[in-house]
Structures are given as structure tokens and as C-alpha cells.
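Given next are the chains, with one letter for each unit.
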Amino acid sequence: MKQSLPLRLLLAVTILFFLLLIGLPFWWVISGSFKLPQEIIAREPTLVPQSFTLQHYAKLLDASAYPTYLVNSLIVGLASSVLTVLLAVPAAYAFFRMELPFREGMYRAILLAYAFPGVIVLIPIYGLFAQLGLVDNLLALIIVNTTFALPFSIWMMRSFLATIPRDLEEAARMDGAPTPVILRRILVPLILPGVAAVGVFAFISSWTEYLFASVLILSDDKRTVPVGFAGIIGQYQIDWGLLLAGASLAILPVVIIFSLVGRAFVSGLTDGAVK
Amino acid sequence: MTNLTLRGVTKRFGATEAVSNVDLEILAGEMVVFVGPSGCGKSTLLRMIAGLEPVSEGRIEIGDRDVTQAEPVERGLAMVFQSYALYPHMTVAENMGFPLEMQGLSKEEIAGRVRATAQTLQLQDHLDRKPRALSGGQRQRVAIGRAIVRNPVAFLFDEPLSNLDAELRVQMRLEIARLHRDLKATMIYVTHDQVEAMTLADRIVVLRGGRIEQVGAPLELYDNPANAFVAGFIGSPRMNLIPATSWRDGDGLRIVVPGGEVRFRPAGTMPPDGAAVQLGLRPEQMAVAGGVPLPAICDTIERLGAVSYLYARLADGTAVTAQVDHALAAASIGAQVSFALDASRALLFDASGRRIA
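The shown structure was predicted, so the numbers you read here are calculated from the model rather than taken from an experiment.

About the thresholds
- Residues numbered from 1 in each chain as written.
- Chains lettered and ligands numbered in written order.
- Predicted model: local features only at pLDDT ≥ 70, side-chain atom pairs only at ≥ 80, totals over all residues.
- Heavy atoms only, no water.
- Helix = DSSP H or I, 4+ residues; strand = E, 2+ residues; numbered from the N terminus.
- Expected span 1.5 Å × (residues − 1).
- Bend = angle between axes of the 7 residues up to and from the residue.
- Polar contact = N/O pair within 3.5 Å; in protein donor to acceptor, adjacent residues only side chain to side chain.
- Patch = residues over 30% accessible without salt bridge, like charges linked within 9 Å, V, L, I, M, F, W, Y side chains within 5 Å.
- Areas by Shrake-Rupley, 256 points an atom, 1.4 Å probe, with all protein chains shown as cover.
- Salt bridge = Lys/Arg side-chain N within 4 Å of Asp/Glu carboxyl O.
- Domains from an automatic or database assignment.
- Contact = heavy atoms within 4.5 Å.
- Buried area = accessible area lost by both parts, 1.4 Å probe.
- Core = buried A, V, L, I, M, F, W, Y, C linked by side-chain atoms within 4.5 Å.
- Buried < 20%, exposed > 50% of the residue type's maximum accessible area, 1.4 Å probe, protein only.
- Pairing = 2+ DSSP bridges.
- Axes fitted to C-alpha atoms, helices over the stretch in contact; angles between N-to-C directions.
- Nonpolar A, V, L, I, M, F, W, Y, C, P; charged D, E, K, R; others polar.
- Parallel < 35°, antiparallel > 145°, perpendicular 65-115°, else oblique.
- Left-handed = near helix turned anticlockwise from the far one by under 90°.
- Phe/Tyr/Trp six-rings, centres within 6.5 Å; stacked < 30°, edge-to-face > 60°.
- Lys NZ or Arg CZ within 6 Å of the ring centre and 35° of its normal.

Chemist: Mind laying out helix H7 (residues 138–162) of chain A, listing which residues take part and the relevant values?
Modeler: Residues and elements named next belong to chain A. With 25 residues, H7 extends 35 Å from end C-alpha to end C-alpha; this agrees with the ideal 36 Å at 1.5 Å per step. Within H7, the axis deviates most sharply at leucine 150, by approximately 40 degrees, and proline proline 151 lies no more than four positions further along. Its side-chain oxygen 3.0 Å from the backbone nitrogen of leucine 139, asparagine 137 forms the N-cap of H7.

Written out as C-alpha cells, the structure reads:
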């Protein structure tokens, strides 16, 4: 396709605009985390760092509980992500394929649950976990994050399943594959982009979750990054360098996960299946 | 080798009956083709035999085993889908080996059988490829290979050639016919293409509206259709069904068609005088030496070389098709032509399409 020069220029400028809009804050945070404190709070902000230091990172990792928060967040995030995928795939298949009474009704009910803000169920959930003895336990966060990620994940997974031609499933049935095998060997490999998307979604939801993490976790050594990090900011003074270094590190796992599963987003996996 | 029997098989979707009370015996080693217009229930019937669609009423037996409620895999049938339904993330070898893997065979045995099957289908050079790297014909062969490799009681084909282009379709048709000959396997083949049915079938089952209209060998259906629907459906170009009225004439009938009349000697009951009937004549019975003359106006001529088809209108506007010789094919469009009907081979149907003679 050939485009005229002005049109291409316009498109390029548009892309550049959004790139700057999204990228500049990140650049400011990451570059700032390597600046000396006096440059960070300088009256004239610098786009290109004039100084370089690792003192904020050293302080963050040696003198604060940040590494503990990071590990806790990773445990909760990865566990929520895996659990969400493990539950969303069979649930989506059941909603998609099985002949259940009130199937559509249940499906809508699940989506409806997603529409309520978490704060509404905060107190009942706290009471529930208190009775189960799960308060101040990372498991509580894993359960909560999975619960909140599931409705959207099931919905997303169901749309991915809907792209798989029914013939494939029927061919597998004719070939003698029972339903769990069809799911594992035929459907899941074909909806890997969906599985990856759901996994990333669940991880990021968990990674950024603040409300439940702040209420259900009491002891400092079990806090996750968003809550623990908020404590680092301090009551009377803000250590900007520390804050920016912490924020930069918090972005890192998300970037790594995206770079790992990004390949799975490549579509065209079902090419040649039918026709 | 086992027979496959359908007894009163019925399928309802809500209030609509897609397949009604079908009785059929398919003999071991036979190639039976289900043919009919779309929506006639042929695919539903095949899917019920496969076990993919539950049966509302009736029984399906394989040999003397009642499989009506059996899971697809328990029936020992293999199916080739219209869309091929190859597993896109698996190689050709993995696709063909999948049913064997499900049977729990050892890796060596699977590899051996897949290789042997690939050989017969000329797929041995493609075993490591993914389906997307194959042409349409090759994909169809892989789908057939996946069916053959398990050595099924019977093969089910659901419009397997519909996605191929015309040339490849003819080639694959011959290949399936050869496969049937070599394997001596029972095959049930669904198609809406009556040419495919005629060329492949030992017996054709013509379906309409979920019911069997007629079962028989291809030429039996062609020469001796049970009703006007079968007469019109089997054969290409279609049989001409000319509206006519019937009058008694001694011990025979005088059939008055637009622009002429034909004499008939029916075997069974005579229609009452003045009854509306349909005279059935194949295109090749429209213009024969010494036939009953019938005038018509020429509309179009298709000159195919070996044969020519003349499309014409009778006096009342009824469109008819005639297979004509070179002399008649030289007629110009809009000109008056005179057909010569072979009345001895004509068929007679009453107004509802039932065969009278």
C-alpha cells in the first residue's frame, strides 16, 4: 500500500505524540532514580540527567524492607496469575460448551460481580478471612486477587475459545480424546495468546492491588510493594530518590513478563486448521 | 466386516424434526452416499451415526451392537470433515498419530502405522509439516489419513470435497473411489452434489425434509425414480418436468402437453380424466429420431463439444432442456425448433409428484 508523504508524516507525528505522552513519565521516573537528590528537586527539571548515582537503589535494597515487599508481591502475583489461568480455562470452556441449566444466567451473574467495586465487599471478606484464620496471610491476597481477576478472565477466555472451529473439537472426540485431553492437547495450545493475556492481566491486577493488601495484611514483613512502598514515602518528608528508585523497580517485573509472553500474542496460530 | 443399521432414527431440534424415522441398512464394504438439497438432514443423520449428535428416537446398530447411546470413540467410526479439522499446532505425523495415541499405542507402533498410511496417500514427504504449509488437496489427504490410520469399522465423509476447486475435486473424487476399492471399507458419504453421488456410490440415499425419498443404485435412481423430486434431483442437466393433463384413451392415456400430446400405457391406476400430471423426460429423451414432435422456442444453446444442450420454451412458457445433435445445435436463438420426444422412456407423475407410470 502506498501512502502520500503528508499522510505518512501525519501518522508518524501522531505516533510520536502518543509515544511521548506515555513514555515521558516513565523516562522521568527512571532517569530520576539515577540522579543526585539535589538534581531531582532542582527548580529547573532536567530531561537528560546531569548526574549519575546508584545511592537510591543501594539505600532501597540495603536499608529498607523493599526487597521483602518485592518478593511478597511476586509470590502473590505469580500465584494469582497461575491460579486464575487454571480456573478460567475450564470455567470458560464450561460456559462456552457445556449444556448447563441457567448457563447464560450464571455467566451474566459472574460478569455482574465484576461490575461492583471491591470496597463494597471489603468488610465481609475481612470477616470471612478472619474466621478462616487467613488475615495477615499472603494466601488471603492470592484468593482475593484471583477472585477479582476471574470474571473478566473467563469472559476473555470464552471469546478466545469461540474462535476455535467446532470441527476441531469434534474431530478430537471422534479420535477418542476425552474432554480434559481435548482441553489440554487441542484447545489450550490454540488459545495460548488468550492464556498469556489472562495471565498477564491477573498478574498486573495483583501487582497493583492496594486496597485489600492494605487491610488484610498486618505485619510489615508480609506487605506487598504498593502498600509497603507507601510506607517508605514517610510521614514528614519525602525521599524522592528512594521513591523513584522503588517505582522503577516496581515496573521491572511487568516489563520482564511482557517480554517473556509477548511472543504468545502473535496470532495466526490457527492458520491452516480449517479450509 | 459389519453392517450398519438405522431403525426409525429421528432427530428433533425443539419443535422441528430434522430427521424423521429413517430406516436404512448399510452393508459391509458398501459406499453409500446421502444426497439431498441443503437442510435435508443428511449431515444431521451422519452426525448421529458418528455419535456427535444425540438421537431423539430410534436405534443405531453396528453389527449386532446397539450404539445409539455410545460415545463416538466406542463406535469405531472415523470421520472426515468438510473443513478437514486438522489440528493446526500439530505436524502431519502428529495429526495422523493422534487417534492412535488416544488408543494408547506405543510410539514405535504409531510411527510405523503413520508412515505406512502416509505412503499410500503420498504424504511421506510432508510428515513434519504443519497443516498451514500444505495445499488444500494435501490437507484433505491428511484428514483422510487420520481416518484410515485407525482402521475404523466405517468411514464417514461430511462433504469432504466442498472446499476444493473444481479440478482438485474431480481428482480427489477418483482418489476416494480408489481408496474404497483398495480398503474394501464401508463408507458413508454426504454430499449435495449429485454428480459426486452418481460417480462414487454403490447406493444413493436421496433425502428431502429429513425423510428418505428413495434408496438405490445410481442408474436405478436415474432410470426409475420413485417420484418427481428424485427424478429432478438425480441427473444433470435436470429431468424436464412438463405440466400436462391426462385423458383416458382406450386402455391407455393421452397426455396433453403444451403444443403436443404423448400416448402412454400405465401399469397401475389410471388418473381421472383432466387430471393435472407432470411428464418427466430426460434431456437426452427430448430429441430422438422418430419421436413425438413438440414445438418450442430456442432460448440458449450450450455447445460442449461431445454434446450440446438446447434450452427452450414450450408453447406455455415452460422451460425445458434438451440434449441435441449438431444439426439442432445450429438453431439460432429465438428460432422455432421441433423436439422429438422419446415417449417410450418418459415418466409420468401426478400433481403431488408421485410416480404414476
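Chemist: Outline a nonpolar patch on the surface, supporting the account with residue identities and numerical values.
Modeler: Taken together, Leu16(A), Leu19(A), Leu20(A), Leu24(A), Trp27(A), Leu47(A) and Val48(A) make up a surface patch of nonpolar side chains, about 700 Å² in accessible area. Assignment of secondary structure puts Leu24(A) in helix H1 (residues 5–32).

Chemist: Just give me the short version of the domain arrangement of chain B, but keep the residues and values in it.
Modeler: Interfaces are often sized by the amount of accessible area the parts lose when they come together. Residues and elements named next belong to chain B. Domain boundaries in chain B define domain 1 (4–232) and domain 2 (240–350). Between the C-alpha centres of domain 1 and domain 2 the distance comes to 39 Å. Domain 1 puts 7 residues into the contact, and the matching count from domain 2 is 6 residues. Taken over both partners, the interface formed by domain 1 and domain 2 buries close to 570 Å², and the fraction arising from carbon and sulfur atoms is 56%.

Chemist: So, the nonpolar core: which residues are in play, and what are the values?
Modeler: Residue and element names in this part refer to chain B. Among the nonpolar cores identified, the biggest contains 63 residues, and Leu4, Leu6, Phe34 and Leu45 are the most heavily contacted of them. Filtering out sequence-adjacent residues up to four positions away, leucine 45 remains in contact with Leu6, Val9, Val19, Val22, Phe34 and Leu207. By size, the runner-up hydrophobic cluster in this structure holds 44 residues, among which are Leu86, Leu121, Leu179 and Leu221.

Chemist: Break down the sheet that holds strand S8 (residues 186–191) of chain B for me, citing the residues and quoting the values.
Modeler: Residue and element names in this part refer to chain B. Read from one edge of the open sheet, 6 strands run S6-S7-S8-S3-S9-S10, paired in mixed fashion. Only two strands of the sheet have a single neighbouring strand rather than two, namely strand S6 (77–80) and strand S10 (211–216). Pairwise comparison of adjacent strand axes, ignoring direction, gives a mean angle of 20 degrees for this sheet. Both strand S3 (residues 31–35) and strand S9 (residues 203–208) contribute to a ladder of 4 bridges, which runs parallel.

Chemist: Before we move on, could you go through the interface of chain A and chain B and cite the residues and values that matter?
Modeler: The interface of chain A with chain B comprises 24 residues on the first partner and 29 residues on the second. Here chain A is connected to chain B by 4 salt bridges. For the salt bridge of Arg150(B) with Asp175(A), the shortest nitrogen-to-oxygen distance reads 3.6 Å. Between chain A and chain B we count 8 residue pairs in polar contact (both at pLDDT 80 or more) in total. Those elements giving two or more residues to the side of chain A that touches chain B turn out to be helix H8 (166–174) and helix H9 (179–190) of chain A. Sorting elements by how many residues they give to the side of chain A that touches chain B places H8(A) first, with 7 residues. Each residue belonging to the side of chain A that touches chain B can be placed in one class, and the counts come to 13 nonpolar, 4 polar and 7 charged.

Chemist: Help me get a handle on the pattern of salt bridges, residues and values and all.
Modeler: Tallied over the full model, the rule gives 27 salt bridges over all chains. Here Glu53(B) ties to Lys11(B) by a salt bridge, and the two come within 3.9 Å at their closest N and O atoms. With Glu53(B) in the loop between helix H1 (42–50) and strand S4 (57–62) and Lys11(B) in strand S1 (residues 4–13), the pair connects residues that are 42 residues apart, well separated along the chain. Residue classification places Glu53(B) among the buried positions, given a relative accessible area of 17%. Residue classification places Lys11(B) among the buried positions, given a relative accessible area of 6%. For Arg59(B), the salt bridge is made with Asp66(B), and the minimal N-O distance between the two is 3.0 Å. For Arg59(B), a relative accessible area of 37% corresponds to the partly exposed category. Residues joined by salt bridges that share partners form a network here, namely Arg166(A), Glu170(A), Lys11(B), Arg47(B) and Glu53(B).

Chemist: Talk me through the sheet that holds strand S19 (residues 347–350) of chain B; I want residue IDs and the actual numbers.
Modeler: Whenever strands of a sheet pair, they do so through backbone hydrogen bonds, lying parallel or antiparallel. Residue and element names in this part refer to chain B. Taken together, the 5 strands give an open sheet; going across it, the order is S13-S12-S11-S14-S19, and neighbouring strands pair in antiparallel fashion. What marks the edges here is a single partner per strand, and that holds for strand S13 (260–264) and S19. Across the sheet, the mean angle separating the axes of adjacent strands is 40 degrees when strand polarity is ignored. The pairing of strand S14 (residues 275–281) with S19 spans 4 bridges and is classified as antiparallel.

Chemist: Go over the packing of helix H3 (residues 92–102) of chain B against helix H5 (residues 136–148) of chain B, please, and point to the residues and values.
Modeler: Pairs of packed helices are described in terms of their axes, by the angle between the two and the distance that separates them. Residue and element names in this part refer to chain B. Direction vectors running N to C along H3 and H5 enclose 30 degrees, while the axes themselves pass 7 Å from each other. Taken together, the axes of H3 and H5 lie roughly parallel to each other. Handedness of the H3/H5 crossing: right-handed. Mapping the contact onto sequence places Val92, Asn95, Met96 and Pro99 in H3 and Val142, Gly145 and Arg146 in H5.

Chemist: An account of the packing of aromatic side chains is requested, with residue identities and associated values reported.
Modeler: This model, assessed by the stated rule, comprises 13 aromatic pairs over all chains. Both rings, one in Phe152(A) and one in Phe201(A), keep their centres 4.8 Å apart while their planes meet at 55 degrees; by these two values the pair is tilted. One end of the pair, Phe152(A), is in helix H7; the other, Phe201(A), is in helix H10 (residues 192–208), with 49 residues separating them in the sequence. The class for Phe152(A) is partly exposed, based on a relative accessible area of 23%. Judged by relative accessible area, Phe201(A) falls into the partly exposed class, the value being 21%. Counting every residue linked through ring pairs, the aromatic cluster contains Phe34(A), Phe52(A) and Tyr57(A). Above the plane of the ring of Tyr87(B) lies Arg146(B), whose end atom (NZ or CZ) is 4.6 Å from the centre.

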